[in-house]
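# Structural characterization, general
These are the residues of each chain, in order.
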Amino acid sequence: MEYSEFLQKFYLPGQGGGLDGYKSKKKTALFFFENGLDADYDANIICPSDSSLEKWVSGSRKPESSVWGEASKHLNEVNLAKKLLDVLNAKNLKEIMQSFGITFEIAEVPDRKMFSAAVAAQFAAIVNGYGTADNIVPTEYKKTPEPVGFKTYLRGAENRYKWVRLPGEEECLLSDVFVCNNIGTSAAVFPNRITGNCIENATLEKLRTYDRRGEVLKIMLIGGCGYGKTLMLQHLFLDAAESSDETGRLPIIAELRNFSSRYDGFLPFIVDTVREYDDSFTENSAKEVLERGQAQLLFDGLDELDPGEVNYFQKKIAEFTKRYQNVQVIITSRQCSAIEGIRGFARLYLHPLNEDQVNLLLDKLLLCKHNAEAKEAVMSFFDPETGYLRRGGFVATNPMLLTVIVRNCEKLKDLSEDKSSLYEMLYDVLIRGHDEEKEAFDRFFHSVGSSEEFTQVFRAFCALTYMDGIFEFDHRTFEKYFNDVKKQEELKNPNIFLLSRFEHDVCATACVMYEQESGIYYIDPGFQDYFFAEYYYFEDKEKTKAMGEVLRNRKVKAFRNLDGLRMLYHMSHVKVEVCLILPFLRKIFKGKDEKEAFMRFLFYGYKECIYTEIDEATVKLYMSKTGADKFDRIMDTNSLRNILMALILDILDLNNSFTLSASVDPIKRENGATHFLSGFTKEYVSQKDMKQHTAIRTIDRDIQNMDSSNESEYQSALPEMIRDKEGKTVCFGYKYRIDPLLLLPNADRTDSFIAMARTAGMIEIYKKVKIYYEKIVEEQKENDFR
């Protein structure tokens, strides 16, 4: 390869040039001498006229031998490679590389640093060959860099970072418990909502080359609490350390909570980090590795940096990455405001575990890949019917929280009826246990002064929203309840309790909520239930009784389930019974005889009651006439009026709905009938004998239409109704919707109604509730809630 041929690969006038800022023939030719030699060369020898430089490019004239002789004395490949990194035109880079004979695999990303070093070596070969040399660029490009030294550091750091401490446990090998979750180009809270590209089984090399558009050296790796940011960085470091001889790169891992303004930038911080294991490492050592682009820097925990040091960090990381542009830098962080002030870093996100990764983690944690029984026991916590948590939800796919579930499986099994213990454990891990291995580190909250104060305001937020039946939020609703909390809670520094800061703390600092698609949600609904319960556990009895008054008028459907009240009951059953249940049951039982108490029980528990009276004689008559062997009547269900009665029946393990019906002969229409029962015949196949049979099926018809002689449009659309000899629709019975208390003045109807209720099993339920009431009254004489 002649020098002119070498230069022509960079002189691309119609394409913007191969070297930014060096587009002309003169500048292209002079660039390599100005940057490929040290400062002591003789410019009188090296720098000819402009026309000579242009002829060097065209090949019509070659440099004199004296030029090559002087250049060979002052070669500086390192400086040339460094300068090339700054000026290589990214647009034309791949074309230039191919012109040297470099070939690429499909989707392979050009390595700008390796190419710069190869071109510098080619220039040195041409200089030493006095203007000509073999094309060595392809070989140099593929050549493994010379191994960096510092084995002492690598051994020490590997020995430290191959160990991990799980929450509340002794250290164990990272390889025994780590599962490499995916890294993606978009954030994700749940594995079934992931969008964008994913990097599986991440390594530093994969992170550097994940983008087909070009090499990515600077990455901000973002993940929520418990996603395994620190473990991922340890994994990346250990993988890179193991292959450092092959790659020629030196991985350095450091914890950013140790960085501060006492360091004059990142160079002394890096030196101190390495010198923890290798005293021979100096600033000159660091500069050499950094300038050669052979360092891989892994900085853990930007969110753990002292808030007072954030601006300094942002300034110094910008200076550092500008000075050492060819160094790979990975920074991990929760989503936090410090990230916004950092430029030039691609953002990637740690993802929750997918189903295969969950199974692999369970295998590792259970220490037995074939222990199906143990795995089944753990997964029972995520059973849709009987489990604590949602399968595929935040807890089940969060590595840290899933680990907590597995490690405490036996303890949790013993607490199967008390979900509050589970959420107390998970919250403690999110707020405190997660960072327990980080000595002298307390997580910083932006809206309050401490984790205890955050728990105070979050507890109030959950209680207020739970009582209003609000379980997910748009930003306006979230702000409303934030303002309610701000008004009622006394804080040490109310000036910092701002909406944006509180939202950041619940979503990023504590990770108990998350934001997605313009909404804010609890990571698991159980946290709202738990903190509602804890809030009223600490409240005084009068406020708890006032809460009970509100619940008397709250329908069951206003709440997801009874979990919040169940948790409060397990925290203090006495407080629940005396402050919530006793005032409610007094209205039913106190000073009332059995008949009135029963009717009040139905009124306060179910309000209006629906019951049906069937005309027994008419049913028999028309079954005979039609040849029907079944009277098919769909019964109406009486459901609960309020959440308090639902809680009482749940505590006593009693049915919470009932149906009322009676066969009457003769039947008569009473006041209060809302519907009459008409019927039609329907053929069906019996499962017993597989033969065709006939049934009479009923339809509820408005009582106002019973005596009408004209068929309405609605009636004409019905099946052909059974009619009597006069052509009138046959009435098989009446349906009533009545207030039980209004029946009391009518002794006969009350007795008939109670007889129906006895058949339905409601008298037995009433008696058990009364016994429970009497027990609470007796116990109240000795407790603290009188």
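Placed above this text is the structure.
Notes on the structure follow. Small disclaimer: the values here were computed from a predicted structure and weren't measured.

Moving on, we come to the overall build of the protein. Within the protein one finds 38 helices and 18 strands. Relative to the compact-globule value of 28 Å for 786 residues, the protein shows a C-alpha radius of gyration of 39 Å, a clear excess of over 25%. Buried residues in the protein amount to 53% of all 786 residues. For the protein, restricting intrachain contacts to residue pairs at least 6 apart in sequence, the fraction spanning at least 24 positions comes to 74%. Looking at the protein as shown, the accessible area adds up to about 37,400 Å², and 46% of this sits on carbon and sulfur atoms. Within the protein, one finds 103 positive and 122 negative side-chain charges whose respective centroids are separated by 4 Å.

A few words now on unusual backbone geometry. Cis geometry marks the peptide bond from Asp665 to Pro666, where omega comes out at 0°. Here Pro666 shows up in the loop between strand 15 (661-664) and strand 16 (673-685). Although it is not a glycine, Tyr130 sits at a positive phi angle of roughly 55°. Here Tyr130 shows up in the loop between helix 8 (112-128) and helix 9 (137-142). Its identity is not glycine, yet Asn201 carries a phi of approximately 45°, on the positive side.

We now examine empty space enclosed by the protein. Applying the stated criterion across every chain yields a total of 1 cavity of 30 Å³ or more. Here the largest cavity defines a volume of roughly 50 Å³. If you trace the largest cavity, you find it lined by Lys113, Arg208, Glu215, Leu217, Arg249, Gly293, Ala295, Gln296, Asn326 and Gln328. Looking at side-chain class alone, the lining of the largest cavity contains 2 nonpolar, 4 polar and 4 charged residues.

Our next topic: helix 25 (residues 451-467). End to end, helix 25 covers 24 Å across 17 residues, agreeing with the expected 24 Å (1.5 Å per residue, within 8%). Most of helix 25 sits out of view: 14 of its 17 residues are buried.

Here we take up the side chain of Asn398. Structurally, the position occupied by Asn398 is in the loop between helix 21 (394-397) and helix 22 (399-407). A residue is classified by how much of its surface remains accessible, and Asn398, at 1% relative accessible area, is buried. A distance of 2.9 Å separates a polar atom in the side chain of Asn398 from the backbone oxygen of Cys225. Among the polar contacts listed, one links the side chain of Asn398 to the backbone nitrogen of Leu401, at a separation of 3.1 Å. The residues touching Asn398, leaving out its near neighbours within four places in the chain, are Cys225, Gly226 and Tyr227.

We now examine the pairing of strand 7 (residues 295-300). Taken residue by residue, a regular strand's side chains alternate between the two faces of the sheet. With 6 of its 6 residues buried, strand 7 lies for the most part within the structure. For strand 7 and strand 8 (residues 328-333), the ladder comprises 4 bridges, and the chain directions are parallel. Counted as the bridge partner of Leu297 is Val329 from strand 8. Assessed by its sense of winding, the connection that carries the chain from strand 7 through helix 17 (residues 310-323) to strand 8 is right-handed.

A word on the nonpolar core. Nonpolar side chains in soluble globular proteins tend to be buried together. By size, the foremost hydrophobic cluster in this structure holds 200 residues, and its most contacted members are Phe299, Phe454, Met513 and Phe601. In this structure, Phe601 is in contact with Ile588, Tyr606, Met645, Met762, Ile765, Tyr766 and Val769, ignoring residues within four places of it in sequence.

A separate point is the sheet that holds strand 16. Judged by pairing direction, the sheet is mixed, and its 6 strands sit side by side in the order 14-17-16-18-13-15 without closing on themselves. Each edge of the sheet is formed by a strand with only one pairing partner; in this case those strands are strand 14 (630-632) and strand 15. Between one strand axis and the next, the sheet turns through 30° on average, direction left out of account. Across 3 bridges, the pairing between strand 14 and strand 17 (residues 692-702) is parallel. Each residue of the ladder has a partner; that of Lys630, found in strand 17, is Ala695. Lying over the sheet, helix 37 (residues 747-759) contacts strand 13 (609-615), strand 15 and strand 18 (733-738), oriented at roughly 95° with respect to strand 13.

Before going further, it helps to spend a moment on the packing of helix 32 (residues 594-606) against helix 38 (residues 762-780). Their axes nearest at 11 Å, the elements helix 32 and helix 38 cross at an angle of 95°. In terms of their interaxial angle, helix 32 and helix 38 are classed as roughly perpendicular. Together, Glu594, Ala597, Phe598, Phe601, Leu602 and Tyr606 of helix 32 and Met762, Ile763, Ile765, Tyr766, Val769 and Lys770 of helix 38 make up the contact between the two elements. Split into classes, the residues belonging to the contact of helix 32 with helix 38 amount to 10 nonpolar, no polar and 2 charged.

Turning our attention to the sheet that holds strand 4 (residues 198-199). With mixed pairing, 7 strands are arranged side by side in an open sheet as 4-3-9-5-8-7-6. Only two strands of the sheet have a single neighbouring strand rather than two, namely strand 4 and strand 6 (250-255). Bridge count between strand 5 (residues 218-222) and strand 9 (residues 346-350): 4 bridges; the pairing is parallel. Counted as the bridge partner of Ile222 is Tyr349 from strand 9. Here helix 15 (residues 266-275) sits on the sheet and contacts strand 6 and strand 7; the angle it forms with strand 6, its principal contact strand, is near 100°.

Looking now at helix 10 (residues 151-161). Taken as a whole, helix 10 has its buried residues at Tyr153, Leu154, Gly156, Ala157 and Tyr161. Where helix 10 is buried, its residues contact strand 1 (163-165), helix 11 (174-177), helix 13 (229-242), helix 14 (244-247), strand 6 and helix 15.

Remark: helix 25 packs on helix 27 (residues 499-509), axes separated minimally by 12 Å, with the N-to-C direction vectors making an angle of 95°. The orientation of helix 25 with respect to helix 27, classified from their angle, is roughly perpendicular. Two secondary-structure elements touch here, helix 25 through Phe454, Val457, Phe458 and Phe461 and helix 27 through Phe502, Asp505 and Val506. In the contact of helix 25 with helix 27, the residues fall into 6 nonpolar, no polar and 1 charged.

A separate point is the environment of Ala118. You can see Ala118 is positioned in helix 8. Sequence-wise, Ala118 and Ala377 are 259 residues apart; in three dimensions their C-alpha atoms are separated by 58 Å.

What counts, and where the lines are drawn
- Residues numbered from 1 in each chain as written.
- Predicted model: local features only at pLDDT ≥ 70, side-chain atom pairs only at ≥ 80, totals over all residues.
- Heavy atoms only, no water.
- Helix = DSSP H or I, 4+ residues; strand = E, 2+ residues; numbered from the N terminus.
- Rg over C-alpha atoms; globule rule 2.2 N^0.38 Å.
- Buried < 20%, exposed > 50% of the residue type's maximum accessible area, 1.4 Å probe, protein only.
- Contact = heavy atoms within 4.5 Å.
- Areas by Shrake-Rupley, 256 points an atom, 1.4 Å probe, with all protein chains shown as cover.
- Lys, Arg positive; Asp, Glu negative; His and termini not counted.
- Charge placed at Lys NZ, Arg CZ, Asp CG, Glu CD.
- 1 Å grid on protein atoms, 1.4 Å probe; cavity = no way out; pocket = protein on both sides within 12 Å on 5 of 7 lines; lining within 4 Å.
- Points joined across faces, edges and corners; volume = space filled by probe spheres on them.
- Nonpolar A, V, L, I, M, F, W, Y, C, P; charged D, E, K, R; others polar.
- Expected span 1.5 Å × (residues − 1).
- Polar contact = N/O pair within 3.5 Å; in protein donor to acceptor, adjacent residues only side chain to side chain.
- Pairing = 2+ DSSP bridges.
- Right-handed = clockwise from strand over helix to strand, strands pointing away.
- Core = buried A, V, L, I, M, F, W, Y, C linked by side-chain atoms within 4.5 Å.
- Axes fitted to C-alpha atoms, helices over the stretch in contact; angles between N-to-C directions.
- Parallel < 35°, antiparallel > 145°, perpendicular 65-115°, else oblique.

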